[in-house]
Amino acid sequence: MNININKKVTLLFFYRLTLAIASIFIFFTEIDSYLFSSGTFSFRPFLWLIVFCALSLPLFISKDNYLPHSMFMWGFGFIVISLLSFFLIPQPQQILLEELQIRISSVIFMLTMNLIFSKNQIIHLWTRRAALIAVLITVTNNIYQFFNPFAFNSPLDLIGRSSGFYLNPNKSGAALVIGMIFSVSLLQPKYRLPFVSIVGIGVLLTFSRSSLINFCVVLMLFIFTRLINRSQLLYWILFITTILIFLGSPLWEDILKNPHLSMQRVELIQQPFNYSDDSSDDRLNIALSGWYLFAKNPLLGNGIGSTRVWDMEISTHNTYLYYMADHGILGILMLPLLIYVVTRRARGETKSIGLIFTVSFLIWGLFSHNILDLRFSLIMFALMAAMTEASQLEPKSSVRNL
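Residues numbered from 1 in each chain as written. Predicted model: local features only at pLDDT ≥ 70, side-chain atom pairs only at ≥ 80, totals over all residues. Heavy atoms only, no water.

Undergrad: How should the overall build of the protein be read in this particular structure?
TA: When helices and strands are counted, the protein shows 17 helices and zero strands. Pairs at least 24 apart in sequence give 73% of the contacts found in the protein among residues at least 6 apart. For the protein, the exposed area adds up to about 19,400 Å²; of that, 66% sits on carbon and sulfur atoms. (Helix = DSSP H or I, 4+ residues; strand = E, 2+ residues; numbered from the N terminus. Contact = heavy atoms within 4.5 Å. Areas by Shrake-Rupley, 256 points an atom, 1.4 Å probe, with all protein chains shown as cover.)

Written out as C-alpha cells, the structure is:
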C-alpha cells in the first residue's frame, strides 16, 4: 500500500515538474504566439491557457497545492473592479469586452501557474533553470536577428531591432531582464558576471530604452545584494571598455551601413545625453493625454479600456496611467499591490530576488501599459509568489545542490 502511494506521489511530482518546465518554454519564450502569428502552427495562444488549465486539474489531489489567498484576493478584486467598470459604461464596445476577457484570463493564468509551481523548491529550482535556458535562447535569437533583420517575421516598422520570438523588441528586452533576475543566482559566482554580460548584449540589440534602463538598475542591485561579487567589477569595466572600443571601430561603421538598422536607436547608444526622436515625443504626448483623461474623472475613472478607444493610436505606454484612466486613483495601486502580494513574505535568497523583482517591475511599469496582459510577465508573478511561500516552509539551502 505504501509503495503504491509513493509511486503515486512520485508520478504526480514529475507530472507537475513537466508542466512547470513546459510552461516556461511555451509561455515565457512566447513561442506559442510566435508560431501562431508566423503561420507555423494554427493553435491559438488562448487555447494553450485552456490546455494548461485542463492539465492542471489532476494536481488538486496533491498535498503540495498552492493557491495563495492573497493573490486570489487580488485577482478577485481586479476582476470585480473591471466588471463594475465595464457594466457602468452605457454602450460597451467589442474592444472593451476583449479587454475584460484579457483581464479575466490573466488572473486565471496566474492562479493556474501557481497551482503548477506549488510550494516545492525543487519545482522552483528546475523552473528557474528552464528560465535560464530560455534567456540564452532569446539572446541567441537576438544576435542572429541583428545580422538577419528579416528573421522571425518582425513587423516592418521594427526591422533593425532584435526581438526573436517576442516579435517586439521592448518585450524581448523586458523578458531578458526578468529571466536574468530569476536565473543569475543559479550560477556559481564566477559565472554570474559573464552571464549578465551576455544578457546585456541581448538587451542592447533590442535598442529598447526601457529595457536598457531596467538592465542597468538591476545590475546595480545585483552588486548591492552581492549576487555579483564587487571584486568582479574590474572585469565589467573591461567589458564596457571593449564595447566602447568596438563602437568606435571600422567594424561597427560597416555594421552601421546595414540599411535595416534603426539609426535613431544607434544614436541613442552613442549619444545618450544628447538625443531625441519622434518616438520620445510621441510617448510624452500620449502620457500627457493619459494624465488629462485621468484628471477628467480622478475618483471613478472613465471605464475599462478607456485608453484603448480614445483618439490616440496607442495606449499610454505606462501601467499606472493605464489603470488610473480606467479606474481613477485606485488604478495606480493595481501593479504595486500585486508586486507586494507576491513578495511581502519572502525570506532568505528569495527576499533578495523579490527586492530586485519589485524594483524592476515598478520601473517597467513606467514604460509599458500591458504588463498584466503578457504571459511571460504573469508567469513570473506566479513563480515569485510560489517561491515566496516556499521560503516560509523550507530551509533556503535545502535545494542548492540538487
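Undergrad: For this particular structure, what's the right way to read the nonpolar core?
TA: The nonpolar side chains of soluble globular proteins are, as a tendency, buried together. Within the largest apolar cluster, 86 residues are counted, with the highest numbers of intra-cluster contacts made by Phe 28, Phe 182, Met 380 and Phe 381. Tallying contributions element by element places helix H17 (residues 375-393) first for this core, with eleven residues. Those residues in contact with Phe 182 that lie beyond four places of it in its chain are Arg 128, Ile 353, Phe 357, Met 380, Leu 383, Met 384 and Met 387. (Core = buried A, V, L, I, M, F, W, Y, C linked by side-chain atoms within 4.5 Å. Buried < 20%, exposed > 50% of the residue type's maximum accessible area, 1.4 Å probe, protein only.)

Undergrad: Help me out: how do you make sense of the environment of Ile 24 in this one?
TA: Along the chain, the position of Ile 24 falls in helix H1 (residues 2-28). Sequence spacing of Ile 24 and Ala 134 is 110 residues, and the spatial spacing of their C-alpha atoms is 7.6 Å. Discounting residues that sit within four places of it in the chain, Ile 24 has contacts with Thr 29, Thr 127, Ala 130, Ala 131, Ala 134, Ile 379 and Met 380.

Undergrad: For this particular structure, what's the right way to read the side chain of Thr 319?
TA: Within the secondary structure, Thr 319 is located in helix H14 (residues 319-327). A polar atom in the side chain of Thr 319 sits 2.5 Å from the backbone oxygen of Ser 368. (Polar contact = N/O pair within 3.5 Å; in protein donor to acceptor, adjacent residues only side chain to side chain.)

Undergrad: Explain a nonpolar patch on the surface here, please?
TA: Taken together, Phe 72, Met 73, Phe 76, Val 80, Leu 84 and Leu 88 make up a surface patch of nonpolar side chains, about 620 Å² in accessible area. In this fold, Val 80 is placed in helix H4 (residues 69-87). Judged by its relative accessible area of 31%, Val 80 is partly exposed. (Patch = residues over 30% accessible without salt bridge, like charges linked within 9 Å, V, L, I, M, F, W, Y side chains within 5 Å. Salt bridge = Lys/Arg side-chain N within 4 Å of Asp/Glu carboxyl O.)

Undergrad: Got a minute to help me understand the side chain of Ser 306 in this structure?
TA: Note that Ser 306 resides in the loop between helix H13 (278-296) and H14. Reaching out from Ser 306, the side chain makes a polar contact with the backbone oxygen of Ala 325 at a distance of 3.4 Å. Not counting chain neighbours up to four residues away, the residues in contact with Ser 306 comprise Leu 293, Ala 325 and Asp 326.

Undergrad: I'm lost on the packing of aromatic side chains in this one. Help?
TA: Aromatic rings in a pair are described by how distant their centres are and how their planes are angled relative to each other. Considering all chains together, one arrives at 24 aromatic pairs under this definition. For the ring pair Phe 27 and Phe 52, a centre distance of 5.0 Å and an interplane angle of 70° mean the geometry is edge-to-face. Here Phe 27, found in helix H1, pairs with Phe 52, found in helix H3 (residues 45-56); they are 25 residues apart in sequence, far enough to count as distant. Accessibility classification places Phe 27 together with Phe 52 in one group, the buried group. Consider the rings of Tyr 144 and Phe 152, whose centres lie 6.4 Å apart with planes at 90°: the pair is edge-to-face. By relative accessible area, Tyr 144 is classed as partly exposed at 46%. Look at Phe 152 and you get buried, because its relative accessible area is 13%. Each residue in the set Phe 28, Tyr 166, Phe 182, Phe 357, Phe 361, Trp 364, Phe 376 and Phe 381 is aromatic and connected to the rest through ring pairs, giving one cluster. Looking at Arg 129, its charged tip hangs above the ring of Trp 126, at a distance of 4.5 Å from the centre. In this structure, Arg 375 packs its charged tip against the face of Phe 109, placed 5.1 Å from the ring centre. (Phe/Tyr/Trp six-rings, centres within 6.5 Å; stacked < 30°, edge-to-face > 60°. Lys NZ or Arg CZ within 6 Å of the ring centre and 35° of its normal.)

Undergrad: Can you walk me through the pattern of salt bridges in this structure?
TA: One pass over the full model with this rule turns up six salt bridges. Among the ionic pairs, Arg 128 bridges to Glu 349, the shortest N-O distance being 3.6 Å. Taken together, the positions of Arg 128 in helix H6 (residues 121-147) and Glu 349 in helix H16 (residues 348-364) put the pair 221 residues apart, joining distant regions of the chain. Sharing partners across several salt bridges, the network here consists of Glu 99, Arg 103, Arg 308 and Asp 326.

Undergrad: I would appreciate a short explanation of the packing of helix H7 (residues 169-183) against H16 in the present structure.
TA: Describing two packed helices takes the angle between their axes plus the distance from one axis to the other. The geometry of H7 relative to H16 is characterised by a closest axis approach of 9 Å and an angle of 170° between their N-to-C directions. Compared by their axis directions, H7 and H16 come out roughly antiparallel. In this structure, the crossing between H7 and H16 has a hand that is left-handed. Residues Ala 174, Val 177, Ile 178, Ile 181 and Phe 182 of H7 form the contact with H16, whose participating residues are Ile 353, Ile 356, Phe 357, Ser 360, Phe 361 and Trp 364. When its residues are assigned to classes, the contact of H7 with H16 shows ten nonpolar, one polar and no charged. (Axes fitted to C-alpha atoms, helices over the stretch in contact; angles between N-to-C directions. Parallel < 35°, antiparallel > 145°, perpendicular 65-115°, else oblique. Left-handed = near helix turned anticlockwise from the far one by under 90°. Nonpolar A, V, L, I, M, F, W, Y, C, P; charged D, E, K, R; others polar.)

Undergrad: Please explain H4 as it appears in this structure.
TA: Two residues of an α-helix separated by three or four positions point the same way, owing to the 3.6 residues in each turn. The end-to-end C-alpha distance of H4, which contains 19 residues, comes to 27 Å, matching closely the 27 Å that a straight helix rising 1.5 Å per residue would cover. Among all positions of H4, only Met 71, Trp 74, Gly 75, Phe 78, Ile 79, Ser 82, Ser 85 and Phe 86 are buried. Relative to the axis of H4, the buried residues are bounded by an arc of 130° and lie together on one face. In H4, the exposed positions angled more than 90 degrees off the buried face are occupied by His 69, Leu 84 and Phe 87. (Expected span 1.5 Å × (residues − 1). Arc of directions from axis to C-beta.)

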